[in-house]
Amino acid sequence: MNPPLSPWETYLERRPRSYALISVLWLGFLAAVAFFFHLGTLGLTDKTEALFVEVAREMWQTGDWITPRWNGEVFFDYPVGGYWLVALSFQLLGVNETAARLPVAVLAMATVLAGFWVLKDYGLGRGEVDLPEPRRWSRAWLGAGMLALNPAWLAWGRTSVTDMFLASAITLCLLSFFLGYAQKSKLFYYLSPVWAGAAVLAKGPVGVLLPGLIILCFLLYRGELWAVLREVNLGIMFLIFALVAAPWYILATQANGMAFLYGFIGFSNFERFTSVLYRHAGPWWFYLPWCFILLLPWSSFLPLALTQVQPWRRGDWGRAPRSEQLGPFCCFWFVLILLFFSSAATKLPGYILPLVPGGALLIALYWGRVWNGAFLRWGWGFWLSAGINLLLLTALSAAAFLSPSLLENEPELAAALQGLALPLILGGILALAALAFLGLLILPRGRRWLWAPNLGFWLGTLIFVIPPLGGVMDRLEQKPFREISQLTGQMAKPGEPVWVMGYRRYSLLFYSGKTAVFLDDVPYGWELIQPGRDKTPSPTVLITGDREVMERFNLRPGDYQLLGERGSFPLWRASKETLRRRQS
């Protein structure tokens, strides 16, 4: 039995048009602060984003929409879907950072809208399908905030990388299937393979393998596999999927032959899963702390949210109607993706992005029950989760206040942050959130509002901290190398090679419009200019990158021409003959 409506809920119930108005305002506000506000403030970040966006730029520049290229050479690490979206954005908005990130921001917000839609109509069960309208909408508003305001979606949703394209497409695929399953709607059933095809275009076979595995296990758990197969035409679903995913793979194979099949299927998929690439190894539990980090600060309630579903009560769930199955569905979603990537040899935090919406939906279902008065027993699990949440806010507040002293190795950054009072602002926001959390925790009637300090912390940070912080980080970290890259593009002579020393700052390609050689240390450079190996006719080389690595060439001031310097990044022109002479 649902508790009586509050005055605010009664007000909403009497004015049904207010639901749409509040939803538009709230979702629009979330979209602005989480994904679109100051989207292009930061320059492209090295290495991954700069690499991905450069492929799209070269695709836009060459007009070849079939064969991806990077640094002037074919590049089969990832499929073409994300590149297409970014290249189309360049076509519409010009080549800039905002255009590069707009497609991923749109998809990130699309997942929030889809999650909002599902939460509005479907809950955890046990009477929640009979919730009054105000409580359905309030659960959806809260869930949208949790889906948007977490480190995973905020960071990757503003970064143009293939992991976020994959995570968004898988999320939309799974939510489309669930809507089709709950409503017995062929429209939503047939939207699912569209998004699965988009996921395969974003990162390959894993885009259909993961949602397919989740859906299959969920239906077997429910004992409804054959019932669903009778509701849909598998032939039509496969045809839809093939029409979306297959054409590019066919055309890329025709254009590049076995080089494409080995480079993409063999190296980027099979070898990445079965062997450690680029030294990205990790133990079996590698992703467990990352699950906690990527859903902060909501994640302290994730174990409680998982256990409240009680998936071991299969008999009870088997008798429950489809409209009450969102909780078990999200459990399979979260756990299977975690197990899948934990079994892979190569491990990176971005790989588990597809599980974040499943975890956020589970937490939203939990807090939706608490907020709507359907769950008012405060057991030890609640107190442990709340204690971790409070400790986290307190620790983050202390770290923010102390951040200038913690940045002893970055005195310029520490001074800039202090000049804008950002440590005080962020520390104050977190301290207020911790105090509010403690106050609500003490009051029995306030505990149902414990989500509010977390929400307030994120909104305050996004509005008052992130914009000026982004400006500082760009000025100190991104702008110097961006300017030296642009200068490189202006100063490079036809056929003159460009060397980037030390850390692989791939953004040089985007900002200079030139190809380059990325060298970890000077011996590789000496090897490139040895007689018989030198493949460039130019007698000189442009060199930039990390100064301490460049100085290992042992060049004297008269041995090179200093063309410019931005921050700690110089740009030298040196003759190959001089470089060879200094080697000896």
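For the structure, see preceding data.
Residues numbered from 1 in each chain as written. Predicted model: local features only at pLDDT ≥ 70, side-chain atom pairs only at ≥ 80, totals over all residues. Heavy atoms only, no water.

S.K.: Can you explain the overall build of the protein? Please cite residues and give values.
M.R.: Across its full length, the protein holds 27 helices and seven strands. Relative to the compact-globule value of 25 Å for 584 residues, the protein shows a C-alpha radius of gyration of 26 Å, a close match. Across its three principal axes, the protein shows a C-alpha extent of roughly 85 × 60 × 45 Å. Every one of the 584 residues in the protein was classed for burial, and the buried ones make up 56%. Of the roughly 25,200 Å² of accessible surface on the protein, 66% is carried by carbon and sulfur atoms. Between the averaged position of the 48 positive side-chain charges in the protein and that of its 37 negative side-chain charges there is a distance of 7 Å. (Helix = DSSP H or I, 4+ residues; strand = E, 2+ residues; numbered from the N terminus. Rg over C-alpha atoms; globule rule 2.2 N^0.38 Å. Buried < 20%, exposed > 50% of the residue type's maximum accessible area, 1.4 Å probe, protein only. Areas by Shrake-Rupley, 256 points an atom, 1.4 Å probe, with all protein chains shown as cover. Lys, Arg positive; Asp, Glu negative; His and termini not counted. Charge placed at Lys NZ, Arg CZ, Asp CG, Glu CD.)

S.K.: Give me the lowdown on the nonpolar core, citing residues and values where you can.
M.R.: One finds Leu149 and Trp367 to be the most contacted residues of the largest nonpolar core, which totals 169 residues. When residues of this core are assigned to their parent elements, the largest contribution, 15 residues, is made by helix α8 (residues 162-183). In this structure, Leu149 is in contact with Leu30, Ala34, Leu154, Leu296, Trp298, Leu455, Trp458, Leu459 and Leu462, ignoring residues within four places of it in sequence. (Core = buried A, V, L, I, M, F, W, Y, C linked by side-chain atoms within 4.5 Å. Contact = heavy atoms within 4.5 Å.)

S.K.: Go over the sheet that holds strand β4 (residues 517-519) with me, naming the residues and quoting the values.
M.R.: Taken in spatial order, the five strands make up an open sheet running β4-β3-β5-β7-β6, and their pairing is mixed. At either end of the open sheet lies a strand with only one pairing partner, and these are β4 and β6 (560-566). Adjacent strand axes in the sheet meet at a mean angle of 25° when their direction is disregarded. Against the sheet, helix α27 (residues 576-583) touches β3 (498-501), β5 (540-545) and β7 (569-575), its axis set at about 95° to β7. (Pairing = 2+ DSSP bridges. Axes fitted to C-alpha atoms, helices over the stretch in contact; angles between N-to-C directions.)

S.K.: How would you explain a nonpolar patch on the surface if you had to name every residue and give the values?
M.R.: A cluster of nonpolar side chains, namely Phe292, Ile293, Trp380, Leu384 and Ile388, defines an oily patch on the protein surface of about 510 Å² accessible area. Looking at the nonpolar patch element by element, the count peaks at three residues for helix α19 (residues 380-406). One can find Ile388 in helix α19. (Patch = residues over 30% accessible without salt bridge, like charges linked within 9 Å, V, L, I, M, F, W, Y side chains within 5 Å. Salt bridge = Lys/Arg side-chain N within 4 Å of Asp/Glu carboxyl O.)

S.K.: Residues and numbers for the packing of aromatic side chains, please.
M.R.: Under the defined criterion, the tally for this structure stands at 40 aromatic pairs. Look at Phe301 and Trp367: their rings are 4.9 Å apart centre to centre, the planes differ by 70°, and that puts the pair in the edge-to-face class. Here Phe301, found in the loop between α14 (287-294) and α15 (302-309), pairs with Trp367, found in helix α18 (residues 356-371); they are 66 residues apart in sequence, far enough to count as distant. As far as the burial class goes, Phe301 and Trp367 line up, both buried. A ring pair is formed by Phe329 and Trp333, whose centres lie 6.2 Å apart and whose planes are at 70°; its orientation type is edge-to-face. Taken together, the positions of Phe329 and Trp333, both in helix α17 (residues 326-342) and four residues apart, correspond to about one turn of that helix. For the pair formed by Phe329 and Trp333, the shared burial category is buried. (Phe/Tyr/Trp six-rings, centres within 6.5 Å; stacked < 30°, edge-to-face > 60°.)

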